[in-house]
Amino acid sequence: ALLTACGGPTVAPTATATPDPFPALLAVGDARAARWERTAAATAYDQAANARPQSPTPYLRLARLYRDWNRPPEGLAALDRAEAREADPKEVAALRAALYAAQGDWERAVAEGERALALGDDQDVLHLVARGYLWLGRVEDARSACQTLAERDPADAEARECLGFLLALGDPSAARPHLQAADTPFARELLAALEEGEPAVRLARMGQAALAAGEPAMAVLALERATVRRPDFADAHALLGHALEGMGRSEAARAHLETAVRLAPDSPLARSLLGLHYLSRGDPAAARPHLEAAYDLDPQNPAFALYLGFLYADLGQYAVADIWLAEATRLAPDDPDVWEAVARFYLDRFPGDARGVMAARTLVRLAPDWALAHALLGRALLFAEDDAGAEEALRKALELAPDLAVAHYDLGRLYLLRGQREAARAEFLRALDLNTDPTLRGEIEGIIREQMPQNFL
């Protein structure tokens, strides 16, 4: 008691500091994103944002995640939140440019890309802006951007290819060194096109090569010039219409396709492309005379038989459609592309039909190392209620391509039918984590909402 009364200095108890969860949550999100566990990564970034509401960092990480995840609307929304929290303007503009480009909104993609470049140099952004210039038809701007990229890195094959193409529109001799340096399949096709003596034919071949390389914007630039040089060049008009269709410019496409048919009514190319234009627009009656004419002009072409099968199905004449699909496979019995189209037709229109299973089995026989072939067989067998066969085919698809989202989705559906909910959960989550298109993502999320317990994710 006396000692207590004398009283030494008292020491206040030390409060234990609560660790800040923010860095750990960001690290978890980064680790999950690196493993493509994107649903979990998004959750971690959201939690980081809640832990530090005024920080732009989690929203920037979310925007990058959604960019890589092929989910532009969510990425743009995350960027709005990052910008409101005073995120780095250059990074915001660069990410916005990439997200707008993913949506095909090249006007805004270029505007944001130019804004980012004004704030600081960035090779990736310059590549994106150069592509945007091509889609917008800004040839001189595209050439300048590709020139800059090629000068900075002479080994940049994409820049050399782009610069060579643009130079070849008017000066083939200046284009050759760049195309030779690029040495890509597309560049080699362009070099072959440059051997054509007549300018209109050279430009048409360049456009055709661009279409084959999946570059409709480049194709339009070449084919427009070909039709200006030779207004009566029917095939150039037909290819230009096809290229414009690939850019979403449907009205302009139809005008050139109709011109091609008027100039050359006996051209299988012109007839088939105009027929496909009408078929894709949901007008099989308008497509019919053109697709029938294309087949009559070239009856050994399996693609025309396929188109007629699709046409008659759209007209509701399924027995006739079956005859044309059988004709396509007779004409090309060893062509995996034909069998894939036939398998998809029956899977989409008659799920579980034996003809779909047969077509998918043939496809697997012809292309045993193609993951998608096994995935289509797995789906066909799933519809046909052959669970064991479906699981074997889907597992083979994933062995060949572990990131094939549709195979994970169908395997999840199979497990759910069996009542294996945890296995189904893992497969659905994996499918959602991959670069699924909006339709597939909606199907998966619908199954989760309707058939899985709350807080499934």
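Quick note: structure is the one above.
Okay, so let's go over this structure. (Residues numbered from 1 in each chain as written. Predicted model: local features only at pLDDT ≥ 70, side-chain atom pairs only at ≥ 80, totals over all residues. Heavy atoms only, no water.)

## Quick look at the overall build of the chain
The cut-off we apply is this: Strands here mean DSSP runs of E at least two residues long; helices mean DSSP runs of H or I at least four residues long; both are numbered from the N terminus. Computation of the radius of gyration draws on C-alpha atoms, with the globule rule given as 2.2 Å multiplied by the number of residues to the power 0.38. For this analysis, residues touch if any pair of their heavy atoms sits within 4.5 Å. Computed with a 1.4 Å probe, the accessible areas rest on the Shrake-Rupley method; for each residue, only the protein chains presented here act as cover. Think of it this way: Lys and Arg go in the positive column, Asp and Glu in the negative one, and His and the chain ends go nowhere. A charge is said to be at NZ when it belongs to Lys, at CZ for Arg, at CG for Asp and at CD for Glu.
Per the secondary structure count, the chain includes 27 helices and 0 strands. Scaling as 2.2 N^0.38, a compact globule of 457 residues should have a C-alpha radius of gyration of about 23 Å, whereas the chain reaches 28 Å, well beyond that. Viewed in the frame of its principal axes, the chain has a C-alpha envelope of about 120 × 60 × 35 Å. Considering only intrachain contacts with a sequence separation of at least 6, the fraction spanning at least 24 residues in the chain is 49%. Approximately 21800 Å² of the chain is accessible, and the part contributed by carbon and sulfur atoms is 51%. Charged side chains in the chain number 48 positive and 68 negative. The centres of these two groups are separated by 2 Å.

## Digging into the environment of aspartate 68
On the secondary structure map, aspartate 68 appears in helix H4 (residues 57–68). Note: C-alpha distance between aspartate 68 and aspartate 20 (48 residues apart in sequence) is 28 Å. Contacts of aspartate 68, omitting those with residues within four sequence positions, involve Arg38 and Asn435.

## Some details on the packing of helix H13 (residues 199–212) against helix H14 (residues 216–229)
Put simply, the test is: Whenever a helix is involved, its axis is fitted only over the stretch in contact; in every case the axis is a line through C-alpha atoms, and angles between N-to-C directions fall within 0 to 180 degrees. The labels follow the angle: roughly parallel below 35 degrees, roughly antiparallel above 145, roughly perpendicular from 65 to 115, and oblique for the rest. It is the rotation of the near helix from the far one that decides the hand of a crossing: anticlockwise by less than a right angle makes it left-handed, clockwise makes it right-handed. Each residue gets one of three labels, nonpolar for Ala, Val, Leu, Ile, Met, Phe, Trp, Tyr, Cys and Pro, charged for Asp, Glu, Lys and Arg, and polar for the others, Gly among them.
As a packed pair, H13 and H14 sit with axes 8 Å apart at the nearest point and diverge in direction by 160°. By the angle between their axes, H13 is roughly antiparallel relative to H14. Classified by chirality, the crossing of H14 by H13 is left-handed. Residues Pro199, Ala200, Leu203, Ala204, Met206, Gly207, Ala210 and Leu211 of H13 lie in contact with H14, whose contacting residues are Pro216, Met218, Ala219, Ala222, Leu223, Arg225, Ala226 and Arg229. Its residues assigned to classes, the contact of H13 with H14 comprises 13 nonpolar, 1 polar and 2 charged.

## Some details on the environment of serine 280
Tracing the sequence through the fold places serine 280 in helix H17 (residues 268–280). Distance in space between the C-alpha atoms of serine 280 and alanine 109 is 28 Å, their sequence separation being 171 residues.

## Quick look at the pattern of salt bridges
Where charged atoms of side chains with opposite charge meet at close range, the side chains can pair. Using the following cut-off: Should a side-chain nitrogen of Lys or Arg be within 4 Å of a carboxyl oxygen of Asp or Glu, the pair is scored as a salt bridge. Exposure categories follow from relative accessible area, calculated using a 1.4 Å probe and restricted to protein chains: below 20% of the type maximum is buried, above 50% is exposed, and the middle band is partly exposed.
Going through the model one piece at a time under the given rule, you end up with 35 salt bridges. We note a salt bridge from arginine 379 to aspartate 410, for which the minimum N-O separation is 2.8 Å. A residue pair is termed long-range when its members are at least 10 positions apart, and arginine 379 in helix H23 (residues 371–383) and aspartate 410 in helix H25 (residues 405–418) qualify at 31 residues. When its relative accessible area of 1% is taken as the criterion, aspartate 410 is described as buried.

## Some thoughts on the layout of surface pockets
We count it as follows: Space inside and on the surface of the protein is sampled on a 1 Å grid over the protein atoms alone, with a cavity defined as a set of points where a 1.4 Å probe fits but cannot get out and a pocket as an open set with protein on both sides within 12 Å along at least 5 of 7 lines; lining residues have an atom within 4 Å of a point. Grid points are joined across faces, edges and corners, and a volume is the space filled by probe spheres set on the points.
Within this model, the largest pocket holds a volume of roughly 260 Å³. Every residue lining the largest pocket is counted, 14 residues in all, and those nearest its centre are Arg344, Asp348, Leu376, Arg379 and Val406. Where the lining of the largest pocket is concerned, the elements lending two or more residues are helix H21 (336–349), H23, H25 and helix H27 (438–451). Examining the composition of the lining of the largest pocket, we find that 4 residues originate from one element, H23, more than from any other.

## Describing helix H12 (residues 185–193)
Filter applied, for reference: This arc is built from the directions going out from the helix axis to the C-beta atoms.
By the burial criterion, the buried members of H12 are Phe186, Ala187, Leu190, Leu191 and Ala193. Taken around the axis of H12, the buried residues stretch over an arc of 155°, which confines them to a single face. Here the buried face of H12 lies against helix H10 (157–168), helix H11 (172–182), H13 and H14.

## Topic: the packing of aromatic side chains
Operational definition: When two rings of Phe, Tyr or Trp (its six-membered ring) have centres within 6.5 Å they constitute a pair, described as stacked for plane angles under 30 degrees, edge-to-face for angles over 60, and tilted for the intermediate range. Whether a charge lies above a ring is judged from NZ of Lys or CZ of Arg, which has to be within 6 Å of the ring centre and within 35 degrees of the ring normal.
On inspection of all chains with the given rule, the structure shows 11 aromatic pairs. Here tyrosine 318 and phenylalanine 350 contribute two aromatic rings whose centre-to-centre distance is 5.3 Å and whose plane-to-plane angle is 80°, an arrangement assigned as edge-to-face. With tyrosine 318 in helix H20 (residues 318–331) and phenylalanine 350 in the loop between H21 and helix H22 (354–366), this pair connects stretches of sequence that are 32 residues apart. For phenylalanine 350, a relative accessible area of 25% puts it in the partly exposed group. Ring centres of tyrosine 346 and phenylalanine 350 lie 6.3 Å apart, and the angle between their planes is 40°; on these two criteria the pair is classed as tilted. On the basis of relative accessible area, tyrosine 346 is assigned to the buried category, the value being 5%. Members of the aromatic cluster, each reached through a chain of ring pairs, are Phe310, Tyr318, Phe345, Tyr346 and Phe350. Across from the ring centre of phenylalanine 233, 4.2 Å away, lies the NZ or CZ of arginine 230, which sits over that ring.

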